[in-house]
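# Commentary on secondary and tertiary structure
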Amino acid sequence: MPTASNGDTSLHYELDGDGYRDSADGAPDTVVFVPEAGLGGWSWGWQHAALSGPFETLVWDLRGTGRSDAPPGLYALETLAADLEAVLADAGVRSAHVVGAGLGGAVALEAARATNRVETLALLGTAPTEAAFSLEPLFAPPEDREAIRSSLETALSAEFRSRQPDVLEGIVDWRADGDASRAGWEAQLASLSGFDATDWLVEVTQPALVLHGTGDELVDPEAGERLARGLPRGEFEKIEAAGHLAFIERSRTVNDRLLGFFEERDEEAVNSNDRSGTV
(Lines give C-alpha, C1' and ligand atoms only; values in the text may rest on other atoms or scores of the structure.)
Protein backbone atom coordinates (compact mmCIF):
# COMPACT_ATOMS: atom_id res chain seq x y z
CA MET A 1 0.00 0.00 0.00
CA PRO A 2 1.63 3.30 -1.05
CA THR A 3 2.25 6.10 1.42
CA ALA A 4 1.92 9.86 0.87
CA SER A 5 3.27 12.49 3.25
CA ASN A 6 1.85 15.78 4.42
CA GLY A 7 4.63 17.24 6.51
CA ASP A 8 5.55 14.59 9.08
CA THR A 9 2.29 12.66 8.67
CA SER A 10 2.22 9.49 6.57
CA LEU A 11 -1.03 8.69 4.79
CA HIS A 12 -1.69 5.22 3.41
CA TYR A 13 -3.72 4.76 0.25
CA GLU A 14 -4.58 2.14 -2.38
CA LEU A 15 -4.77 2.85 -6.11
CA ASP A 16 -6.53 0.39 -8.38
CA GLY A 17 -8.08 0.15 -11.85
CA ASP A 18 -6.97 1.68 -15.13
CA GLY A 19 -9.64 4.24 -16.03
CA TYR A 20 -10.94 4.43 -19.56
CA ARG A 21 -10.75 8.06 -20.63
CA ASP A 22 -8.27 8.90 -23.37
CA SER A 23 -7.18 12.39 -22.40
CA ALA A 24 -4.57 14.53 -24.10
CA ASP A 25 -1.93 13.56 -21.56
CA GLY A 26 -3.02 9.93 -21.27
CA ALA A 27 -4.15 10.40 -17.66
CA PRO A 28 -6.74 7.92 -16.36
CA ASP A 29 -10.12 8.96 -14.99
CA THR A 30 -9.83 8.74 -11.20
CA VAL A 31 -12.35 8.51 -8.37
CA VAL A 32 -11.07 9.16 -4.85
CA PHE A 33 -13.06 8.21 -1.74
CA VAL A 34 -12.94 10.17 1.54
CA PRO A 35 -14.18 8.14 4.54
CA GLU A 36 -16.56 9.02 7.34
CA ALA A 37 -15.02 9.95 10.70
CA GLY A 38 -13.30 7.03 12.35
CA LEU A 39 -13.91 4.55 9.53
CA GLY A 40 -11.06 3.09 7.51
CA GLY A 41 -10.82 2.81 3.76
CA TRP A 42 -12.58 -0.57 4.04
CA SER A 43 -15.89 1.34 4.19
CA TRP A 44 -15.66 2.07 0.46
CA GLY A 45 -15.10 -1.56 -0.51
CA TRP A 46 -18.53 -1.84 -2.19
CA GLN A 47 -17.80 1.17 -4.40
CA HIS A 48 -14.14 0.33 -4.96
CA ALA A 49 -15.09 -3.06 -6.41
CA ALA A 50 -17.78 -1.63 -8.68
CA LEU A 51 -15.92 1.40 -10.04
CA SER A 52 -12.42 -0.03 -10.51
CA GLY A 53 -12.01 -0.82 -14.18
CA PRO A 54 -14.12 1.88 -15.79
CA PHE A 55 -12.30 4.24 -13.42
CA GLU A 56 -9.06 4.31 -11.54
CA THR A 57 -9.99 4.29 -7.85
CA LEU A 58 -8.12 5.67 -4.87
CA VAL A 59 -9.04 4.73 -1.29
CA TRP A 60 -7.16 6.11 1.72
CA ASP A 61 -7.21 6.27 5.52
CA LEU A 62 -7.66 9.67 7.11
CA ARG A 63 -4.97 10.71 9.56
CA GLY A 64 -5.93 9.12 12.87
CA THR A 65 -7.36 6.00 11.21
CA GLY A 66 -6.03 2.61 10.12
CA ARG A 67 -2.52 2.56 8.69
CA SER A 68 -2.21 6.33 8.40
CA ASP A 69 -0.37 8.19 11.15
CA ALA A 70 -2.32 9.58 14.09
CA PRO A 71 -0.43 12.71 15.18
CA PRO A 72 -1.51 14.09 18.57
CA GLY A 73 -3.75 17.12 18.83
CA LEU A 74 -6.95 18.16 17.11
CA TYR A 75 -7.21 18.25 13.32
CA ALA A 76 -8.48 21.15 11.23
CA LEU A 77 -10.69 20.66 8.19
CA GLU A 78 -8.09 22.48 6.12
CA THR A 79 -5.47 19.95 7.26
CA LEU A 80 -7.59 17.00 6.17
CA ALA A 81 -8.20 18.66 2.80
CA ALA A 82 -4.44 19.21 2.47
CA ASP A 83 -3.96 15.51 3.26
CA LEU A 84 -6.28 14.66 0.38
CA GLU A 85 -4.27 16.90 -1.94
CA ALA A 86 -1.03 15.25 -0.77
CA VAL A 87 -2.44 11.78 -1.49
CA LEU A 88 -3.57 12.79 -4.97
CA ALA A 89 -0.21 14.39 -5.72
CA ASP A 90 1.70 11.32 -4.54
CA ALA A 91 -0.50 9.09 -6.71
CA GLY A 92 0.10 11.32 -9.74
CA VAL A 93 -3.56 12.34 -9.96
CA ARG A 94 -3.99 15.92 -11.17
CA SER A 95 -7.76 15.98 -10.68
CA ALA A 96 -10.41 13.48 -9.64
CA HIS A 97 -14.04 12.80 -8.99
CA VAL A 98 -14.22 13.07 -5.18
CA VAL A 99 -16.70 11.00 -3.16
CA GLY A 100 -17.08 11.79 0.54
CA ALA A 101 -19.33 10.58 3.36
CA GLY A 102 -20.20 12.58 6.47
CA LEU A 103 -17.01 14.21 7.67
CA GLY A 104 -15.45 13.02 4.42
CA GLY A 105 -18.04 15.04 2.55
CA ALA A 106 -17.03 18.17 4.47
CA VAL A 107 -13.39 17.47 3.60
CA ALA A 108 -14.37 17.08 -0.05
CA LEU A 109 -16.20 20.42 0.00
CA GLU A 110 -13.18 22.17 1.51
CA ALA A 111 -10.89 20.56 -1.06
CA ALA A 112 -13.19 21.67 -3.89
CA ARG A 113 -13.02 25.23 -2.61
CA ALA A 114 -9.31 25.32 -1.81
CA THR A 115 -7.69 23.28 -4.62
CA ASN A 116 -8.02 22.70 -8.36
CA ARG A 117 -7.89 18.92 -8.03
CA VAL A 118 -11.65 18.29 -7.76
CA GLU A 119 -13.53 17.60 -11.01
CA THR A 120 -16.86 16.65 -9.45
CA LEU A 121 -18.28 15.98 -6.01
CA ALA A 122 -20.47 13.15 -4.76
CA LEU A 123 -21.50 13.75 -1.14
CA LEU A 124 -23.28 11.15 0.98
CA GLY A 125 -24.84 11.84 4.37
CA THR A 126 -23.26 15.29 4.42
CA ALA A 127 -24.53 18.63 5.72
CA PRO A 128 -23.42 22.24 5.24
CA THR A 129 -23.18 23.02 8.98
CA GLU A 130 -21.76 21.38 12.09
CA ALA A 131 -25.14 21.52 13.84
CA ALA A 132 -26.65 18.94 11.47
CA PHE A 133 -24.00 16.29 12.28
CA SER A 134 -24.64 13.93 15.23
CA LEU A 135 -21.87 11.42 14.64
CA GLU A 136 -21.03 10.43 18.23
CA PRO A 137 -23.23 7.27 18.20
CA LEU A 138 -21.11 5.92 15.33
CA PHE A 139 -17.99 5.63 17.49
CA ALA A 140 -17.04 2.34 19.14
CA PRO A 141 -13.69 1.25 20.57
CA PRO A 142 -12.09 -1.04 17.96
CA GLU A 143 -11.35 -3.64 20.64
CA ASP A 144 -15.01 -3.84 21.77
CA ARG A 145 -16.90 -5.90 19.20
CA GLU A 146 -20.21 -5.64 21.06
CA ALA A 147 -19.94 -1.86 21.14
CA ILE A 148 -19.24 -1.90 17.40
CA ARG A 149 -22.40 -3.95 16.79
CA SER A 150 -24.43 -1.53 18.93
CA SER A 151 -23.06 1.50 17.09
CA LEU A 152 -24.20 0.05 13.77
CA GLU A 153 -27.81 0.20 14.98
CA THR A 154 -27.74 3.95 14.39
CA ALA A 155 -25.83 3.79 11.08
CA LEU A 156 -27.64 1.01 9.21
CA SER A 157 -31.36 0.39 8.89
CA ALA A 158 -33.03 -2.35 10.94
CA GLU A 159 -34.15 -4.02 7.71
CA PHE A 160 -30.56 -4.27 6.44
CA ARG A 161 -29.23 -5.56 9.76
CA SER A 162 -31.83 -8.32 9.92
CA ARG A 163 -31.47 -9.26 6.25
CA GLN A 164 -27.66 -9.22 6.04
CA PRO A 165 -26.26 -10.67 9.31
CA ASP A 166 -23.14 -12.04 7.58
CA VAL A 167 -22.32 -8.66 6.07
CA LEU A 168 -22.91 -7.06 9.47
CA GLU A 169 -20.36 -9.39 11.08
CA GLY A 170 -17.92 -8.63 8.29
CA ILE A 171 -18.28 -4.93 9.04
CA VAL A 172 -17.61 -5.63 12.72
CA ASP A 173 -14.40 -7.46 11.71
CA TRP A 174 -13.25 -4.60 9.46
CA ARG A 175 -14.01 -1.95 12.06
CA ALA A 176 -12.17 -3.91 14.75
CA ASP A 177 -9.15 -4.10 12.47
CA GLY A 178 -9.06 -0.60 11.01
CA ASP A 179 -11.15 1.97 12.88
CA ALA A 180 -9.79 5.00 14.73
CA SER A 181 -9.08 4.95 18.43
CA ARG A 182 -10.94 7.37 20.68
CA ALA A 183 -8.10 9.88 20.37
CA GLY A 184 -8.10 9.66 16.59
CA TRP A 185 -11.89 9.93 16.47
CA GLU A 186 -11.94 13.07 18.63
CA ALA A 187 -9.09 14.61 16.64
CA GLN A 188 -11.03 14.07 13.40
CA LEU A 189 -14.37 15.30 14.74
CA ALA A 190 -12.67 18.49 15.90
CA SER A 191 -12.37 19.44 12.23
CA LEU A 192 -16.15 19.97 12.17
CA SER A 193 -16.02 22.44 15.07
CA GLY A 194 -17.56 25.66 13.81
CA PHE A 195 -18.05 24.21 10.33
CA ASP A 196 -20.53 26.33 8.38
CA ALA A 197 -20.25 26.30 4.62
CA THR A 198 -23.49 28.18 4.06
CA ASP A 199 -21.87 31.40 2.89
CA TRP A 200 -19.16 29.84 0.72
CA LEU A 201 -21.02 27.02 -1.02
CA VAL A 202 -21.44 29.40 -3.98
CA GLU A 203 -17.66 29.13 -4.47
CA VAL A 204 -17.94 25.37 -5.09
CA THR A 205 -18.86 25.41 -8.77
CA GLN A 206 -18.04 21.81 -9.65
CA PRO A 207 -20.95 19.50 -10.55
CA ALA A 208 -22.15 17.98 -7.29
CA LEU A 209 -24.40 15.02 -6.51
CA VAL A 210 -25.79 14.87 -2.95
CA LEU A 211 -27.16 11.46 -1.90
CA HIS A 212 -28.84 10.94 1.47
CA GLY A 213 -30.58 8.02 3.14
CA THR A 214 -34.08 8.95 4.25
CA GLY A 215 -33.53 6.99 7.47
CA ASP A 216 -30.24 8.71 8.35
CA GLU A 217 -30.18 9.21 12.14
CA LEU A 218 -26.73 10.80 12.26
CA VAL A 219 -27.03 13.59 9.68
CA ASP A 220 -30.42 15.20 9.05
CA PRO A 221 -31.59 14.38 5.50
CA GLU A 222 -33.13 17.87 5.25
CA ALA A 223 -29.62 19.26 5.74
CA GLY A 224 -28.54 17.24 2.71
CA GLU A 225 -31.25 18.94 0.68
CA ARG A 226 -30.08 22.35 1.93
CA LEU A 227 -26.54 21.45 0.91
CA ALA A 228 -27.62 20.59 -2.63
CA ARG A 229 -29.66 23.79 -2.93
CA GLY A 230 -26.68 25.87 -1.82
CA LEU A 231 -24.30 24.39 -4.39
CA PRO A 232 -24.48 26.19 -7.76
CA ARG A 233 -24.46 22.89 -9.66
CA GLY A 234 -25.84 20.65 -6.94
CA GLU A 235 -28.52 17.98 -7.31
CA PHE A 236 -30.15 15.99 -4.53
CA GLU A 237 -31.41 12.41 -4.48
CA LYS A 238 -32.95 10.42 -1.66
CA ILE A 239 -31.96 6.83 -0.94
CA GLU A 240 -35.24 5.50 0.39
CA ALA A 241 -35.29 3.69 3.75
CA ALA A 242 -31.48 3.71 4.06
CA GLY A 243 -29.47 4.78 7.08
CA HIS A 244 -26.35 6.91 7.34
CA LEU A 245 -24.15 4.33 5.64
CA ALA A 246 -26.46 4.15 2.64
CA PHE A 247 -23.52 3.46 0.34
CA ILE A 248 -23.09 0.12 2.15
CA GLU A 249 -26.66 -1.06 2.56
CA ARG A 250 -27.85 0.24 -0.81
CA SER A 251 -24.55 -0.15 -2.61
CA ARG A 252 -26.01 -1.20 -5.97
CA THR A 253 -28.27 1.86 -6.10
CA VAL A 254 -25.45 4.19 -5.04
CA ASN A 255 -22.93 2.62 -7.42
CA ASP A 256 -25.27 2.90 -10.39
CA ARG A 257 -25.93 6.54 -9.61
CA LEU A 258 -22.23 7.34 -9.15
CA LEU A 259 -21.30 5.65 -12.41
CA GLY A 260 -24.02 7.50 -14.29
CA PHE A 261 -23.10 10.84 -12.74
CA PHE A 262 -19.37 10.54 -13.48
CA GLU A 263 -19.91 9.29 -17.02
CA GLU A 264 -22.36 12.12 -17.77
CA ARG A 265 -19.91 14.71 -16.46
CA ASP A 266 -17.05 13.17 -18.45
CA GLU A 267 -19.12 13.24 -21.62
CA GLU A 268 -19.99 16.89 -20.99
CA ALA A 269 -16.31 17.70 -20.52
CA VAL A 270 -15.32 15.93 -23.75
CA ASN A 271 -18.07 17.68 -25.71
CA SER A 272 -17.02 21.03 -24.23
CA ASN A 273 -13.40 20.43 -25.22
CA ASP A 274 -14.46 19.42 -28.73
CA ARG A 275 -16.48 22.61 -29.14
CA SER A 276 -13.59 24.69 -27.81
CA GLY A 277 -11.25 23.10 -30.32
CA THR A 278 -13.46 23.99 -33.27
CA VAL A 279 -13.92 27.63 -32.38
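## Thoughts on empty space enclosed by the protein
- Considering all chains together, one arrives at one cavity of 30 Å³ or more under this definition.
- If you add up the space inside the largest cavity, you get close to 40 Å³.
- In this structure, the largest cavity is lined by Ala37, Gly38, Leu39, Leu138, Phe139, Ala140, Arg175, Asp179, Ala180 and Trp185.
- Taken together, the residues of the lining of the largest cavity sort by class into seven nonpolar, one polar and two charged.

## Re the environment of glutamate 169
- Residue position: glutamate 169 is located in helix 6 (residues 165-178).
- As a C-alpha pair, glutamate 169 and glutamate 264 span 95 residues in sequence and 36 Å in three-dimensional space.
- Apart from the residues lying within four places of it in its own chain, the contact partners of glutamate 169 are Arg145 and Arg149.
- Reaching out from glutamate 169, the side chain makes a polar contact with the side chain of arginine 149 at a distance of 2.9 Å.

## Brief notes about helix 3 (residues 103-114)
- An ideal rise of 1.5 Å per residue puts 16 Å on twelve residues; helix 3 measures up with 17 Å between its terminal C-alpha atoms.
- Within helix 3, ten of the twelve residues are buried, which leaves it mostly tucked inside the rest of the structure.
- Here the buried face of helix 3 lies against strand 3 (30-34), helix 2 (77-90), strand 5 (96-101), strand 6 (118-124), helix 7 (182-189) and helix 8 (221-230).

## Some words on unusual backbone geometry
- Backbone geometry places alanine 241, a non-glycine residue, at a positive phi of 65°.
- The topology assignment puts alanine 241 in the loop between strand 8 (234-239) and helix 9 (246-249).

## With respect to the sheet that holds strand 3
- Taken in spatial order, the eight strands make up an open sheet running 1-2-4-3-5-6-7-8, and their pairing is mixed. The open sheet has two free edges, formed respectively by strand 1 (3-6) and strand 8, since each of these has just one partner strand. Averaged over all neighbouring strand pairs, the angle between strand axes comes to 25°, with direction disregarded.
- Of the strand pairs in this sheet, strand 5 and strand 6 are connected by six bridges, and their pairing is parallel. Residue pairing for strand 6: alanine 96 is matched across the bridge by valine 118.

Each value, and the rule that gives it
Residues numbered from 1 in each chain as written. Predicted model: local features only at pLDDT ≥ 70, side-chain atom pairs only at ≥ 80, totals over all residues. Heavy atoms only, no water. 1 Å grid on protein atoms, 1.4 Å probe; cavity = no way out; pocket = protein on both sides within 12 Å on 5 of 7 lines; lining within 4 Å. Points joined across faces, edges and corners; volume = space filled by probe spheres on them. Nonpolar A, V, L, I, M, F, W, Y, C, P; charged D, E, K, R; others polar. Helix = DSSP H or I, 4+ residues; strand = E, 2+ residues; numbered from the N terminus. Contact = heavy atoms within 4.5 Å. Polar contact = N/O pair within 3.5 Å; in protein donor to acceptor, adjacent residues only side chain to side chain. Expected span 1.5 Å × (residues − 1). Buried < 20%, exposed > 50% of the residue type's maximum accessible area, 1.4 Å probe, protein only. Pairing = 2+ DSSP bridges. Axes fitted to C-alpha atoms, helices over the stretch in contact; angles between N-to-C directions.

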